[in-house]
Protein chains: 2
Amino acid sequence: MSDGLNQVDPGEGAPVFERVVLIGLGLIGSSLARALRVHNIARRIVAVDTSLDVCQAVDRLHLADETQSDAALAVRGADLVVLCVPLGAYEAIAQQIGPHLAPGAIVSDVGSVKEVATNVLVQNLPAHVQVVPGHPIAGTEHSGPEAGFAKLFEGRWCILTPPDGTDEAAVERVAEMWRRCGSMIERMDAPHHDKVLAITSHLPHLIAYTIVGTAADLAEDAKAEVIKFSASGFRDFTRIAASDPTMWRDVFLNNREATLEMLQRFTEDLTALQKAIRRGDGETLHRMFTRTRGIRRSIIDARQA
Amino acid sequence: MSDGLNQVDPGEGAPVFERVVLIGLGLIGSSLARALRVHNIARRIVAVDTSLDVCQAVDRLHLADETQSDAALAVRGADLVVLCVPLGAYEAIAQQIGPHLAPGAIVSDVGSVKEVATNVLVQNLPAHVQVVPGHPIAGTEHSGPEAGFAKLFEGRWCILTPPDGTDEAAVERVAEMWRRCGSMIERMDAPHHDKVLAITSHLPHLIAYTIVGTAADLAEDAKAEVIKFSASGFRDFTRIAASDPTMWRDVFLNNREATLEMLQRFTEDLTALQKAIRRGDGETLHRMFTRTRGIRRSIIDARQA
């Protein structure tokens, strides 16, 4: 059952898929490639990337059994295709691979916005394909195939948002892939996913990008001091604000409403705190700074800290 | 030269101070107590705290040679007193200890706001005392004497803001204490410190408190999901927003103008991003998300990441 590479964990049974095609070998795609290998999830791993540099890195790092630049060629005979590219590239890829997908092939993804992703895939792929969108809640601020690692998904949630009517067996196979990667599975409908992620992920990133941008606009000498003394809070935001710009552009363009709604609530709360500072209202400040501790405690208890 | 405790590093020469009194044994005070001991900086360490629980913890953890609840008694014969309490407590403490301080005694602190701190100390202490305010740029989200550790200050900056006319020898002794704790020293005037920290520390904390507060206001089931999927960005904010509420209340009450000015700039930048999202202006989003990466790189290069 093994492909002969020494990283395979022999205790996990037969591969879940025969031919898995990963399109886009960035942080998430390359981490998934590594995890598929380590946990013997795919009999054959095919890497597709339009960047020659990435393809060369994939070969150098032995991340796949086969590296292709042409997605249409690569997906022939695949039982699973996973899009690991920014959302803006989905439509073109779906149109490109659609005619070459076998009946019953599963197409999944790892994108951070699920309603638009699901619609784009369903509308641009043939009806005989099973669409099982997914979102592993894992990542780092680093990008590219060198940044990936097999343990990225361990102990993390993976949310699946299959549209109504998706074959349950297909959903279960994708779920099994993520479970073998060490993830816990949650299933929800795509619009609900997008609302939850708007507050847990999209708004935090937007705010981090903003504050780091505010600092970037300071005069050079002030900026040098910000960098020097960043350990006092600022640096935690810079980590988040170093995430891939193209991916995040596409997140905000495609989860506009939910993000803007959460942003609206945030702005109201910020205005209230601003007012309390201006008025010297220590009681309100103390109350607001106290209730946030409980949330931290809950996250630690949920082992997501 | 040693006090006989086995943690002393014998290679660092004579103690810098004879009797150091630390007032407030929270995260910073207890870390400083540990570092003073490890690096043989003080011949005698005296801990003062109004909380009986804290005093008992100090004794249990052997953090000091002497534990006192009465600051006035404790500071007699001290050559250094360091206030490690929230800024709101400075005035009362200064009035309490002033009459008992020996001529030439140095009073320092570790507070995050320096203009108000300096003024309160200078105005409430006798003229024969040397005021050398300090701010170690170090911390964690944890509080209390158990949370401290001796290495907290290693590789971190400590900013000193002595007012005009302070005895240079006194400034140098305080600087030497922090250098022995592993810190690098920067000297600036207090108003400038407060402006720099408004962007590197105070605004980031304010924003983190706000977004975690926004989440805390969600309905219970939505909140449970935020906690579950917090690894997607949100949890980094909760760490900051778990910091001590009393300390942070006092920071905002005492660095009002600089914080509100930075908040104003932040709000303008956030509004611009909001507009770009609403209009679907991907080019602006991509440009804004790209320039922030350089700041992260600079922080890594400056070894403050």
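In every chain, residue numbers begin from 1 and rise along the written sequence. Labels follow written order: the first chain is A, the first ligand is 1, and so on. A pLDDT threshold of at least 70 governs which residues receive local features in this predicted model, and a stricter bar of 80 or more applies before side-chain atom pairs are shown or counted, although totals over entire chains, interfaces and linings include all residues.

Asker: Could you clarify how one ought to interpret the relation of the copies chain B and chain A in this entry?
Answerer: One copy of the chain maps onto the second through a rotation about an axis and a displacement along it. A least-squares fit on C-alpha atoms brings the copies together, and the residues used are those whose pLDDT is at least 70 in both copies. For these two chains of identical sequence, chain B goes onto chain A by a turn of 180 degrees and a shift of 0.0 Å along the axis, with RMSD 0.0 Å. Each copy turns onto its partner about a two-fold axis. Judged by C-alpha distance, B:Asp236 is the residue of chain B that lies nearest the rotation axis, at 3.5 Å. By the criterion used throughout, residues are in contact when their C-beta atoms, derived from the backbone, lie within 7 Å. Of all interface residues in chain B, 100% are interface residues in chain A too; the two copies therefore contact each other through one and the same surface.

Asker: Would you take a moment to explain the sheet that holds strand β8 (residues 184-187) of chain A for this structure?
Answerer: Residues and elements named next belong to chain A. DSSP calls a pair of strands paired once it identifies at least 2 bridges connecting them. Every helix listed is a DSSP run of H or I at least four residues long, and every strand listed is a run of E at least two residues long, numbered separately from the N terminus. The strand order β3-β2-β1-β4-β5-β6-β7-β8 describes an open sheet built from eight strands, whose pairing is mixed. If you trace the sheet from one side to the other, it starts and ends with β3 (66-68) and β8, each paired once. For this sheet the average axis-to-axis angle between neighbouring strands, irrespective of direction, equals 25 degrees. Taken together, the three bridges between strand β2 (residues 42-48) and β3 define a ladder with parallel strand orientation. Across the sheet, Val48 pairs through a bridge with Gln68, a residue of β3. Docked against the sheet, helix α1 (residues 27-38) engages β1 (17-23), β2, β4 (80-83) and β6 (130-136), running at close to 160 degrees with respect to β2. Axes here mean lines fitted to C-alpha atoms, for a helix over just the part in contact, with angles spanning 0 to 180 degrees between N-to-C directions.

Asker: How should the interface of chain B and chain A be read in this particular structure?
Answerer: Accessible area lost during the coming together of the parts is what is often quoted as the interface size. Listed as interface residues are 75 residues of chain B and, on the opposing side, 75 residues of chain A. For the side of chain B that touches chain A, the leading source of residues is helix α7 (residues 190-216) of chain B, giving 18 residues. Put simply, Ala, Val, Leu, Ile, Met, Phe, Trp, Tyr, Cys and Pro go in the nonpolar bin, Asp, Glu, Lys and Arg in the charged bin, and everything else, Gly too, in the polar bin. Tallied by class, the residues present in the side of chain B that touches chain A amount to 41 nonpolar, 20 polar and 14 charged.

Asker: How do you make sense of unusual backbone geometry when you look at a structure like this?
Answerer: Most peptide bonds adopt trans geometry, and most residues besides glycine take a negative phi value. All names here are of chain B. Here the phi dihedral of Asn40 falls at roughly 55 degrees; this positive angle occurs in a residue that is not glycine. To sort residues by burial, count the other C-beta atoms lying within 10 Å of each one's C-beta; a count of 20 or more means buried, 12 or fewer means exposed, and anything in between means partly exposed. C-beta atoms are built from the backbone. Given 22 C-beta atoms within a 10 Å radius, Asn40 is considered buried. Even without glycine at this site, His62 takes up a positive phi of about 50 degrees. Positionally, His62 belongs in the loop between α2 (52-60) and β3 (66-68).

Asker: What is the right way to look at the domain arrangement of chain A in this model?
Answerer: Residue and element names in this part refer to chain A. For the domains described, the bounds stem from an automatic or database domain assignment. For chain A, the assigned domains are domain 1 (10-188) and domain 2 (193-301). Domain 1 and domain 2 are separated by 31 Å when their C-alpha centres are compared. Taken together, the 14 residues of domain 1 in the interface contact 15 residues of domain 2. The residue inventory of the side of domain 1 that touches domain 2, partitioned by class, reads six nonpolar, five polar and three charged.

Asker: Honestly, the sheet that holds β3(B) in this entry has me stumped. Any pointers?
Answerer: In a beta sheet, neighbouring strands are held together by backbone hydrogen bonds and run either parallel or antiparallel to one another. Residues and elements named next belong to chain B. Read across the open sheet, the eight strands follow the order β3-β2-β1-β4-β5-β6-β7-β8; overall the sheet is mixed. This sheet does not close on itself; its edge strands, each paired only once, are β3 and β8 (184-187). Ignoring strand direction, the axes of neighbouring strands in this sheet form an average angle of 25 degrees. Taken strand by strand, helix α6 (residues 168-180) contacts β5 (106-109), β6 (130-136), β7 (157-160) and β8, and its axis lies near 25 degrees from that of β6.

Asker: Looking at this structure, I do not really get the pairing of β7(B). What am I missing?
Answerer: The two faces of a sheet get side chains in turn, since along a regular strand they alternate between them. Residues and elements named next belong to chain B. Residues Trp157 and Ile159 line one face of β7 and the alternating positions Cys158 and Leu160 line the opposite face, and both faces are buried. Pairing analysis gives three bridges linking β6 to β7, with the strands arranged antiparallel. Its bridge partner lying in β7, His135 is registered against Ile159. As judged from the four bridges shared by β7 and β8, these two strands associate in the parallel manner.

Asker: So what exactly am I meant to see when it comes to the packing of helix α11 (residues 256-279) of chain A against helix α11 (residues 256-279) of chain B here?
Answerer: The angle between the axes and the distance between the axes are what describe a pair of packed helices. Running from N to C, α11(A) and α11(B) point in directions that differ by 165 degrees, and their axes come no closer than 11 Å. Here α11(A) lies roughly antiparallel to α11(B), going by the angle between them. Seen along the crossing, α11(A) lies across α11(B) with a hand that is left-handed. Side by side, α11(A) and α11(B) meet where A:Arg256, A:Thr259, A:Leu260, A:Leu263, A:Gln274, A:Ile277 and A:Arg278 of the first sit next to B:Arg256, B:Thr259, B:Leu260, B:Leu263, B:Gln274, B:Ile277 and B:Arg278 of the second. By residue class, the composition of the contact of α11(A) with α11(B) is six nonpolar, four polar and four charged. Here the angle decides the label: under 35 degrees means roughly parallel, over 145 means roughly antiparallel, 65 to 115 means roughly perpendicular, and every other value means oblique. Definitions for this section: a left-handed crossing has its near helix turned counterclockwise from the far helix by less than a right angle. A right-handed crossing has that turn clockwise.

Asker: How should I be thinking about helix α5 (residues 115-124) of chain A in this particular structure?
Answerer: Owing to its 3.6 residues per turn, the α-helix aligns residues three or four sequence positions apart on the same side. Along α5(A), the residues that are buried comprise A:Glu115, A:Val116, A:Ala117, A:Thr118, A:Val120 and A:Leu121. On its buried face, α5(A) sits against α4 (90-97), β5 (106-109), β6, α7 (190-216) and α10 (245-254) of chain A.

Asker: Before we go on, may I ask you to explain the nonpolar core in this structure?
Answerer: As a rule of thumb, nonpolar side chains are buried together in soluble globular proteins. If you look at the biggest cluster of nonpolar residues, it comprises 212 residues, and the most contacted ones within it are A:Val20, A:Leu22, A:Ile23, B:Val20, B:Leu22 and B:Ile23. Apart from residues lying up to four places away in sequence, B:Leu22 is in contact with B:Gly29, B:Leu32, B:Ala33, B:Ile45, B:Ala47, B:Val48, B:Val82 and B:Cys84. To form a nonpolar core, buried Ala, Val, Leu, Ile, Met, Phe, Trp, Tyr and Cys residues must be joined through C-beta atoms within 7 Å.

Asker: How do you make sense of the pairing of strand β2 (residues 42-48) of chain B when you look at a structure like this?
Answerer: Residue and element names in this part refer to chain B. Of all seven residues that make up β2, five are buried, and the element is covered over most of its length. Pairing between strand β1 (residues 17-23) and β2: six bridges, direction parallel. If you follow Val21 over to β2, its bridge partner there is Val46. A crossover gets the label right-handed when its path from the first strand over the helix to the second runs clockwise, viewed with the strands pointing away from the viewer. Note that the unit made of β2, α2 and β3 has a crossover that is right-handed.

Asker: Help me understand the packing of α7(A) against α11(A), please; the structure alone is not making it clear to me.
Answerer: Residues and elements named next belong to chain A. It is at 9 Å that the axes of α7 and α11 come closest, and there the two elements cross at 65 degrees. The handedness of the crossing between α7 and α11 comes out as right-handed. Where α7 abuts α11, its residues Asp194, Lys195, Ala198, Ile199, His202, Leu203 and Leu206 lie against Ala258, Thr259, Met262, Leu263 and Phe266. The residue inventory of the contact of α7 with α11, partitioned by class, reads eight nonpolar, two polar and two charged.

Asker: Sorry if this is basic, but what is going on with the confidence of the model for chain A here?
Answerer: Interpretation of this model should avoid reading the predicted coordinates in detail wherever pLDDT is low. pLDDT expresses how confident the predictor is about each individual residue, on a scale running from 0 to 100. Residues with a pLDDT of 70 or more make up 96% of chain A, whose mean pLDDT is 92. Reported for the predicted complex are a pTM of 0.86 and an ipTM of 0.86.

Asker: Just to check I follow, could you spell out the environment of B:Asp236 for this structure?
Answerer: Residue placement: B:Asp236 occurs in helix α9 (residues 234-240). Taking the C-alpha atoms as reference, B:Asp236 lies 28 Å from B:Asp109; in sequence the two are 127 residues apart. Other than its neighbours up to four places away in sequence, B:Asp236 contacts A:Asp236 and A:Ile240.

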